[in-house]
Structures are given as structure tokens and as C-alpha cells.
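# Architecture at a glance
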Number of protein chains: 2
Amino acid sequence: MPYFDVASAAPLHPVAREALLASLDEGWADPARLHREGRRARMLLDAAREAAAEAVGCRADELVFTPSGTQAVHSGISGVLAGRRRAGRRLVRSAVEHSCVLHAAQVHAADGGSVAVVGCDRSGRVAADRFAAELTPDTALAALQSANHEVGTVQPVAEVAEACAAAGVPLLVDAAQSLPWGPVAGPWSVLAGSAHKWGGPPGVGLLAVRKGTRFAPRGPVDEREAGRAPGFENIPAIVAAAASLRAVRAEAAAEAGRLRGLVARLRERVAAVVPDVEVVGDPERRLPHLVTFSCLYVDGEALLHGLDRAGFSVSSGSSCTSSTLTPSHVLKAMGVLSEGNVRVSLPCGTGADEVERFLEVLPGAVREVRAALGAPGAVAAPAGGEAGSVVVDALGARCPVPVIELAKAVERVPVGATVTVRSDDEVAALDIPAWCWTQGQEYLGERPLEGERGAAYVVRRRV
Amino acid sequence: MPYFDVASAAPLHPVAREALLASLDEGWADPARLHREGRRARMLLDAAREAAAEAVGCRADELVFTPSGTQAVHSGISGVLAGRRRAGRRLVRSAVEHSCVLHAAQVHAADGGSVAVVGCDRSGRVAADRFAAELTPDTALAALQSANHEVGTVQPVAEVAEACAAAGVPLLVDAAQSLPWGPVAGPWSVLAGSAHKWGGPPGVGLLAVRKGTRFAPRGPVDEREAGRAPGFENIPAIVAAAASLRAVRAEAAAEAGRLRGLVARLRERVAAVVPDVEVVGDPERRLPHLVTFSCLYVDGEALLHGLDRAGFSVSSGSSCTSSTLTPSHVLKAMGVLSEGNVRVSLPCGTGADEVERFLEVLPGAVREVRAALGAPGAVAAPAGGEAGSVVVDALGARCPVPVIELAKAVERVPVGATVTVRSDDEVAALDIPAWCWTQGQEYLGERPLEGERGAAYVVRRRV
């Protein structure tokens, strides 16, 4: 049963398991205590810190362990913003950061700070020069991920770090997705990572703050972890996390090459075997193990369940898989289709046969969902085209139904005529323009509905 | 090698170990995901929440898991203070709360809030009526521990909870030390606990917020744990923590009775076999497994090392064991001696023979430290008493030296004469009055030194 969602969480690495078991016996005591159990715990903690710092590329006294990657990012952002309050209250971040960066930025904005968001291109890549242009003198902190967690696009972090260093602005790098593959290059100031992304146990994040970075921890602190992560240290998990990072790194170069081949195969074949699909993310500058695509006229949740029944565990950035009905802000920033979105992230050791089996199963799973929704291509087109333009009322319908109704209506109108879709689904604002882009139709724009929630989206048939 | 520091951290309970191993295989995935691994993780998390809520005495939807007991307290305090900001900005806490409560209160005060501190008696017990008298209409939150972590004194939580309910003030109970022994009685509003105190793994705290309590989480939040504990859930550790709490509770009544007998034996015999010792904490209303005493003329760190060499792991609230040179705020609030302080906290299963062995070893260990420091009783008293009052210069000397010099000087002056000790050790302000109290001498007070840090402490010889 292939698990293709390692970008969410990786199963425990055998090395991590072994280290965890050993240190449950040796490292459960309070490392602040003077007795032998405390001293033993302290030694394990110190050794884990040395190992993790070496893998990150910083000094041991620059690195603390946090209870999660999320908390590492939260503390990193709030600590630098507070430490550099005199410099200014501006935070610069990319549009495609992980939600934990967005949440920390929201708190900063609610507290009266300003947040500048740097957009990306259609591949999800942030331009280094556009990012650098936002580094005004009052910028307290800049945040850029090393690689995107949803589409795998690698960001120009080294270049941006140089620009930040030149501007005197510390750069925080969320390295959660890339850290298993190697250290982050460039003169970054703060770095965050998460152990369960590299086969470590849950409950361990890491936060590196390079010497010379002004840092003032926020909220209540204690004497643990240099005052940067309050609460009793989770030493068995920390030891396991450090051991796992070393083990994963030892295999990284060989495994990256192998997975890159499998992902290339997936990118090529998905586009070939699934009609109306958009494979997203930068085709070259990308994480080795991750590929994302969106399927028109597909309900993401239904597709995930279909793939799950067929034995494949994947994830999705579609709104129709989340409780919030808001599509992934990453896909939104890229301007790509969000409906029927599937993220495949391969664990180390994935076999070519598993990938081939996925490619065999996928077209049928997509077809099934489209048929159930009555999507275009799945049902016979209605006889005869209608003359002139039409209005489609999709109020109350949720993704992907508005786009399906649009596509069916476009088939019925002559070239040159328009289809207006009335929809109160927030996702339509993203998916209708994206549908036009992929289908070669012309998106004319949207206007608010009178007296109702939602908007009217106008499309002209071109082909 | 007996480990008598279970109040700092307990070794992993066998049930916790078993549950942890099983859920490392079953519960590593992201419970927010729709695939089978995610659903399995979600089921484990839900079941652990049910079990923990039953043990706490709340509804499952009132309980979230945090990365530590410390973070549960921090979030609990900041969440209620923010949620009840309209009611007022006053926080009432006892003087003997755990440092994590003090840290959260400091942040509140730095943010412009007010903090009222309710003192305790010499046994460490807070009077319910004194606490209730502080519940003014502008009180947003009150915090009282269920039992003290340093001296074992149980607090009148049920009574205080009733008073808080009557005043319309939510009560937060730090139940870290008592939760293994049973649920907290009374209409409390918020409760915090820590799994590694009951044989669960590190990395798990719990925060219960009863329905109807206004609560607004502070800082960045995400969708996990009802928005009250951001970051990836540590499900294997959570499952182990819940299993361990049930297992410990099943043994609690029988084990409490047994340990209570051992602690009574310790309290009685320590006072008998060690000269110049003060056994602290309420003799009756106390945790079953914990006893604390302070030894005059003893350096706490040296005594801990001596006991460690003899095979016993204990902890201490003395300043001479910490990096800060500040004595335990708990001992300070109680007004008891802090020097040579030892806390013995017995794990479940401790044998009577281990306790007897400790009692055999202790007097020699104390004697050895006193001899090395040239303490009174350890060295021959100087021949002949000096007439009249004397001044002892102990500037630059650290605990327990100022008290040792005081005791030696008192032996040399006639009854009725005074000894003035000049000391710049912060602990002297606590330990010199406490020494007078235990020795039947009269403490006349202190005055600042002219042009120097420190004070002159004046004692009249009575006996």
C-alpha cells in the first residue's frame, strides 16, 4: 500500500526508531538536574545538538530544539521582529510560504506591524530581484522558504540571503521541506526545520539563530533551550530526530537522483494519460521527490478517496478537501487551477513499480469522479449548439461544479459568444480564470452580484 | 540505584512504553489528512483525548494536548486573560506557583496587566479565605496549584474554586504534581498537566478549558487542537501519555497509602538523625510521595553530589544548586530555610529498604559537607566566649557560608549580645531569619550597607 504523502509526515526512519528506544531508557530525566540521570540526559541532548547543528550548517550554540517546526517558525519570526523593533516593523514574506509563516505574519499585522508579500510566477518561484526590491530600510525581517511544500518549487534562497545581508535585513528560511536533502546555502540568519519531515519522530522542530542576529524571545520563557523554547525538553525524540537527519543525509544524494527520475516520469505521464490536467510547479528547480497536478472538473476529496481505495495515499491543496472551503493560498498565488489538486510526495525507497501502478490507477480514478459529477467529456454533449450568449446559475454549488457547468455551457455556445457564471463559491475566482488559461478560452473578468454574495464571471468562447 | 526525583520527571511507565511503540507504527501520519494513515492517526488521537478527559474529569472537546505542561500553563493563562480582557486585567496567583505560572504572570505585568500574589503560611499552604478576598470585580483570572511541586503541600483548590465560581472569576489549576493521584475536585475552569510527571513520555502536556470559559488563544494559531496548540500533533507520545495516566490511576489509591507511610517515616527519621535540619511542608495535607527538608550549614550542591555518589538521586531548591543564585521562590514565600535543601520524591514501587538505606546514608553525607565547610558542630568550638557584641564580615561569601559564620559567632558571644553579619548574598535575607527561627535566636532585622551591595543582619543570642 504505497504512501505518497511524505511531505505531510514521513514514517519513522529505522535509525530514529532505534535511537528513540535507546534514549527512552537513558534520556527521560530532567537535564537541568545534577544527579546521574540528569547528567546523562544532558549529555544526550548536547550530542544531539552537535549532530543537528552540523547537518544544518551552524554552531551548536546557535541551535535550539522546539516542540515542532511550526513553533520554530513562530518563535523565529516573533523573536527577530521583537529584537529588531528599532529597525522597523516591516516583515517581507513570499506569497507561497507555509501557513505557519502566514499565521505569524497575521499576528504581527494585528499588532500594528506591516507585512509586504512578494508574489511568484506561475511555477511558484519567487524572483530574487523582486524580493530584494522589497528590502526597505525599515524592514525588520524577511522570510523565504527553501522550497515550496505544495508544488516542490525550489526558491533562490542563497541569492535572496545575499541580498538580505547586503541590505542588513535578517533572512528567516523555513527549510522544513528541503532539510532532509541538504543544508541551506547562503548567509541566512534564522532557519527552521521539522523532524517528522525527515523520518524523525513528531514533537521536534529546530530553530537556528546565527550569532549577531538580534533576537528577543516573546512570551513567557524559562531557562531551557537558551530561553527560546520553554518547557521540558523531549530528549528521546530529539536524539532520534538528530540520528535520523544524519541517516537521511547519508542517503540523500543517491536517493535524490533516483526519485528525481520517478518524479520526471510522473510529470510526463500524468499529463499524457489524464485529459484536462495541469502539472504545476517549476519543472527543473524542484524538490526531488514531489509532484503536484490539478485535474479539471474533479472534486479533490472524491479523487483522494478514490486513490485511497486503490491503495495510494496522497494529499491535496484543493478547498474541497479542507474544512475551510478556501483553496490553497499557494495555488492561488501561482494562479493555477486548484480543483482536483493532487500532491504526490515519494518517500525514500519508493520503487519504480509503485509509480507505474499509480499511473495505471490514476486515469480511471479521475474518470470515475468526473462521471459522477457529470463533467464534460464524461457525458455526451447535448445535441446542437445554442445561439448567443448564456448565463449559468451556479449559486450554492461548490468546487468543481461551477467550472463543470461553465465547461458544459461553453460547448453549447458559438465561438465569440460569452458564458456568464453566477457563483458564490470563493474558489471560482481562482479556478474559472485558470480553466480559461488551460483551455485557451478568454477570461473577461468578474463583477459582484447585486444584493447577493458571490460574483458573475464572464468567459468568451475562443475555440 | 534509587531515583528519588520523580517530581522532576518520572521514568517511562511500562504501559506508556508499550503504547508508544505501537503508535509509532500506527500514529505517525498527519491526522488532518484524508488517507488511511491520516484517518488511523486521527482515531488514535480521538481515543487518547477521550481517555485523558475521563481521567481529568472533563469533556473530550474541552481538552487539548500541548507540547508540555509548561506550554499548557502559558496558553491557559494568556488565553483566559485575553478572553476576559473586558472583565479586567488583574491576575491573582499564589506565591508558591510553579515558575511557569510566574513567567506567564511576568509577561502579563510587562504588558500592563496587574498581578496580585497571595502568600502562604510556613507550611506552604495558601488560605482559601485570603485567596478569595483577592477576587475583586476586575479580576480576569485566578491561578492556584493543586499541590506544591517543591514541598508537597496540598492546596485548598476545591474551596478556592467555589469562591472563584461565586465571584465569577475563572480558576486555572496547575495540576502537574497531583494529576497522577486523582482528578482535581471543584468547579475549576482551566486545568493543566504534564505527562512526564506520571510516567508518560516527555513532549505532552494537557490543557482543559471548561465550556463557558471565555478563551482567546494568543499568538499564531492553526487548525490543530481546536486552535489552542499550534504545530503537528505528537500522536505516539499522546497515546502513550493517556495510556500511562490510566495505568497510574489504577494503582494510585494503593500506592498512595504505601508511599505515604514511607514519607511519614522519612519526615520523622530525617529530623531525628540529622542535627540542625528543618523538615518543611504541611505534615498532613500533602502529596503522598514527596518530602522536603533543609539542612543548616550545608551547601545544597555539595550535598546533592554526596548523595549522588552514595547512589541516591534527589533534587534541591537551594540557590547553591542553580545558576541564578536565587533561592527557590517557594521556600522564600514560606519563610523557611533554603540552604542545604533536599527534595525527595519517591516513584511508585519504591521499597521500604531503599528508604531505610537513604536514612543510613544521609547523616554521613550532611556531616561530610559540614566538615568541609567548617560548620559549627563539625569543628571544635573556640575556647572561651567573647564578651559583648561582634560584627562578622561575610561579604563575598556565598550560601551557606554567611549562616555558618553567624552560627560560629553566636557560640562565641554571651546570651543577650548581638551578632551582626555583613553579607551581599541575596539568600542571607531568607536564611538568617530562618536560622534564628529554627535555633531559637532572635532576629532583630537588617539594614542596607553604606556604599556597598548587601545588608547587615542583626541577631541577638537568646539561648
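Every chain begins its residue count from 1, and numbering advances along the sequence as written. As a convention, the first chain written is A and the first ligand written is 1, with the rest following in written order. With pLDDT at 70 or above as the cut-off, local features in this predicted model cover only qualifying residues; side-chain atom pairs require 80 or more to be listed or tallied, and sums for whole chains, interfaces and linings still use all residues. Hydrogen atoms and water are omitted, and side-chain values are computed over all heavy atoms in the structure.

## Topic: the overall build of chain A
- Helix numbering and strand numbering both begin at the N terminus, where a helix is a DSSP run of H or I of at least 4 residues and a strand a DSSP run of E of at least 2. In terms of helices and strands, chain A carries 12 helices and 14 strands.
- Dimensions of chain A, computed from the C-alpha atoms along their principal axes, are close to 85 × 50 × 35 Å.
- Taken across its 463 residues, chain A has 60% of its residues classed as buried.
- Residue contacts are counted whenever heavy atoms from the two residues lie within 4.5 Å of one another. The contacts of chain A with a sequence gap of at least 6 include a subset with a gap of at least 24, amounting to 72%.
- Once the 48 positive and 53 negative side-chain charges of chain A are each reduced to a mean point, those two points are 4 Å apart. Burial classification: accessible surface area is computed with a 1.4 Å probe over protein chains only, and a residue below 20% of its type maximum counts as buried, one above 50% as exposed, and the rest as partly exposed. Note that His is not counted, nor are the chain ends; the positive residues are Lys and Arg, and the negative ones are Asp and Glu. Just so you know, the charge point we use is NZ for Lys, CZ for Arg, CG for Asp and CD for Glu.

## Structural notes on the interface of chain A and chain B
- Opposite the 60 residues of chain A that make contact, chain B presents 60 residues.
- With both chains or domains summed, chain A and chain B bury close to 4,600 Å², and 61% of this area falls on carbon and sulfur atoms.
- Put simply, buried area is the surface a 1.4 Å probe can reach on two separate parts but cannot reach once they are joined, added for both. The three residues of chain A that bury the most area against chain B are W28, L34 and R36 of chain A, which together make up 15% of that side's buried surface.
- Each reported salt bridge corresponds to a side-chain nitrogen of Lys or Arg within 4 Å of a carboxyl oxygen of Asp or Glu. Note that R36 of chain B is salt-bridged to D308 of chain A, the shortest N-O span being 3.5 Å.
- For this analysis, a polar contact is any N or O atom pair within 3.5 Å, provided that within protein one partner can donate a hydrogen and the other can accept it, and provided that sequence-adjacent residues contribute only side-chain to side-chain pairs. Applying the counting criterion to the chain A and chain B interface returns 25 residue pairs in polar contact (both at pLDDT 80 or more).
- Going through the elements one at a time, α1 (14–26), α2 (36–56), α3 (69–83), α4 (99–110), α7 (235–273) and α8 (300–309) of chain A are the ones with two or more residues in the side of chain A that touches chain B.
- Tallying contributions element by element places α1 of chain A first for the side of chain A that touches chain B, with five residues.
- We call Asp, Glu, Lys and Arg charged. Ala, Val, Leu, Ile, Met, Phe, Trp, Tyr, Cys and Pro are nonpolar, and the rest, Gly among them, are polar. Residues that form the side of chain A that touches chain B fall into these classes: 26 nonpolar, 20 polar and 14 charged.

## Quick look at the UniProt feature "domain: UPF0033" (unreviewed entry) in chain A
- Look at the UniProt record and you will see "domain: UPF0033" (unreviewed entry) annotated at residues 392–416 of chain A.
- From the first C-alpha to the last, residues 392–416 of chain A spans 17 Å; its make-up is 48% helix and 8% strand. UniProt positions are given in the numbering used here, feature names are shortened, and annotations may be inferred rather than shown by experiment.

## Re the environment of A271 of chain A
All names here are of chain A.
- For A271, the location among the structural elements is in helix α7.
- Since its relative accessible area comes to 43%, A271 is described here as partly exposed.
- If sequence neighbours within four positions are ignored, A271 has contacts with V277 and V279.

## Regarding the pattern of salt bridges
- For the coordinates displayed, the defined rule picks out 58 salt bridges over all chains.
- The salt bridge partner of D5 of chain A is R33 of chain B, with a shortest N-O separation of 3.9 Å. Here R33 of chain B lies in the loop between α1 (14–26) and α2 (36–56) and D5 of chain A lies in the segment before α1, a pairing that spans two chains.
- Exposure remark for D5 of chain A: the relative accessible area of 0% places this residue in the buried category.

## Structural notes on the state of the cysteines
- In plain terms, two cysteine sulfur atoms within 2.5 Å form what is called a disulfide here. One pass over the full model with this rule turns up zero disulfides over all chains.
- Of the cysteine sulfurs around C100 of chain A, a residue in no disulfide, the closest is that of C120 of chain A, at 17 Å.

## Quick word on the relation of the copies chain A and chain B
- Least-squares superposition of the copies uses the C-alpha atoms of those residues scoring a pLDDT of at least 70 in each of them. Overlaying chain A on chain B yields an RMSD of 0.1 Å, the required transformation being a rotation through 180° with an accompanying axial translation of 0.1 Å. Read as a symmetry element, the transformation amounts to a two-fold axis.
- In this assembly, 100% of the residues forming the interface of chain A have copies in chain B that are likewise at the interface, indicating an isologous arrangement.

## What to know about the side chain of S315 of chain B
- With respect to the helices, strands and loops of the structure, S315 of chain B is situated in the loop between α8 (300–309) and α9 (329–334).
- With relative accessibility at 1%, the residue S315 of chain B sits in the buried group.
- Within the structure, the side chain of S315 of chain B is placed 3.4 Å from the side chain of D5 of chain B, a separation counted as a polar contact.
- Apart from the residues lying within four places of it in its own chain, the contact partners of S315 of chain B are R33 of chain A together with D5, S8, L304, N341, V342 and R343 of chain B.

## Section: the domain arrangement of chain A
Residue and element names in this part refer to chain A.
- The source of the domain bounds is an automatic or database domain assignment. In terms of domains, chain A is made up of domain 1 (14–248), domain 2 (252–373) and domain 3 (390–460).
- Between the C-alpha centres of domain 2 and domain 3 the distance comes to 25 Å.
- Remark: the boundary between domain 2 and domain 3 carries one salt bridge.
- Here K332 ties to E426 by a salt bridge, and the two come within 3.5 Å at their closest N and O atoms.
- If you look at where domain 2 meets domain 3, you find four residue pairs in polar contact (both at pLDDT 80 or more).
- Residue classes in the side of domain 2 that touches domain 3 are distributed as 10 nonpolar, four polar and five charged.

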